[in-house]
Structure formats: structure tokens, C-alpha cells
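Chain residues, written in single-letter form:
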Amino acid sequence: MEQEVNQHTILQAILELSKQMQDMKLDLQQQIEAVGTRLDKIEQNLSKKIDVFDSKVGIVSLDLLETKAEVSVLQKAK
């Protein structure tokens, strides 16, 4: 009889631990999804900022090229 009680107690403990592990697994999955969503938003923000920066660099490059051309024309005029 005592062995049955011990086996029953052990089985209940195992089932409880299994349930707790399932709960932890679900919680971790939710946390991973939340982090993934945040990372997606950060990636989108960075992508937009990089696009704006790239456009600015392009504009500065064009302005620099134009200024260089003007300086070259002025130097030839001397």
C-alpha cells in the first residue's frame, strides 16, 4: 500500500512538473514572439533611416560634384 501511495505521489509530481514546463514553454514562445515583433519594428525604422541617409548622401554627392565642376571651370578661366 505504501508503495502505491509513493508511486501515485511520484506520478502526480511528474504530471505537475510536466504542466509547469508546458506553461513555461508557452510563456517563452510568447516572449520570443514579442521580441521578434519589436525587432521587426526596429528593423523597419532603421531601414527608413538608412534610406533617408542614403538619399542625403546622394544629394551631397551631386552638390559636391557640381561645386567641383564650377571650381574647375573657374580655374580654367584664369
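Considering the overall build of the protein
Phase 1 of the analysis: For the protein, the count of helices and strands is 1 helix and 0 strands.
Phase 2 of the analysis: Here the protein has a C-alpha radius of gyration of 33 Å; the compact-globule value for 78 residues is 12 Å, and the former is much larger.
Phase 3 of the analysis: Seen along its three principal axes, the alpha-carbon backbone of the protein occupies a region of about 115 × 15 × 5 Å.
Phase 4 of the analysis: Accessible area for the protein stands at about 7,800 Å²; split by element, carbon and sulfur atoms hold 62% of it.
Phase 5 of the analysis: Seen as two clouds, the 10 positive and the 13 negative side-chain charges of the protein have centres 16 Å apart.

A closer look at a nonpolar patch on the surface
Phase 1 of the analysis: Together, V35, L39, I42, L46 and I50 give the surface a local cluster of nonpolar side chains, amounting to about 470 Å² of exposed area.
Phase 2 of the analysis: Relative to the helices and strands, I42 resides in helix α1 (residues 2–77).

Some remarks on the pattern of salt bridges
Phase 1 of the analysis: Summed over the entire model, instances satisfying the criterion amount to 1 salt bridge.
Phase 2 of the analysis: The residue K19 makes a salt bridge to D23 at a minimum N-O spacing of 3.2 Å. Residue K19 and its partner D23 are both found in helix α1; the two are separated by 4 residues, about one turn of the helix.
Phase 3 of the analysis: We classify D23 as partly exposed; its relative accessible area is 39%.

Comments concerning the environment of K48
Phase 1 of the analysis: Structurally, K48 is set in helix α1.
Phase 2 of the analysis: Note on K48: relative accessible area 58%, which makes it exposed.
Phase 3 of the analysis: Sequence separation of K48 and T67 is 19 residues, and the distance between their C-alpha atoms is 29 Å.

What counts, and where the lines are drawn
- The numbers attached to residues start from 1 for each chain and follow its sequence in the written order.
- Owing to the predicted nature of the model, reporting of local features is limited to residues with pLDDT of at least 70; listing and counting of side-chain atom pairs is limited to 80 or more, with chain, interface and lining totals taken over all residues.
- Here the side-chain values reflect all heavy atoms present in the structure, with hydrogen atoms and water set aside.
- Runs of H or I in DSSP of at least four residues are treated as helices and runs of E of at least two as strands, each being numbered from the N terminus.
- C-alpha atoms define the radius of gyration, and 2.2 Å times the number of residues to the power 0.38 defines the globule rule.
- Per-residue and other accessible areas follow the Shrake-Rupley method at a 1.4 Å probe size, with only the shown protein chains counted as cover for residues.
- Charge counting treats Lys and Arg as positive and Asp and Glu as negative, with His and both chain ends excluded.
- Throughout, a charge is located at the NZ atom of Lys, the CZ atom of Arg, the CG atom of Asp or the CD atom of Glu.
- Distance thresholds for patches are 9 Å for like charges and 5 Å for nonpolar side chains (Val, Leu, Ile, Met, Phe, Trp, Tyr), applied to residues having over 30% relative accessible area and no salt bridge.
- The working definition used for a salt bridge is a side-chain nitrogen of Lys or Arg within 4 Å of a carboxyl oxygen of Asp or Glu.
- Each residue's exposure class comes from its accessible area (1.4 Å probe, protein chains only) as a fraction of the maximum for that residue type: buried when under 20%, exposed when over 50%, partly exposed otherwise.

In short, shape yes, function no, at least from these values alone.
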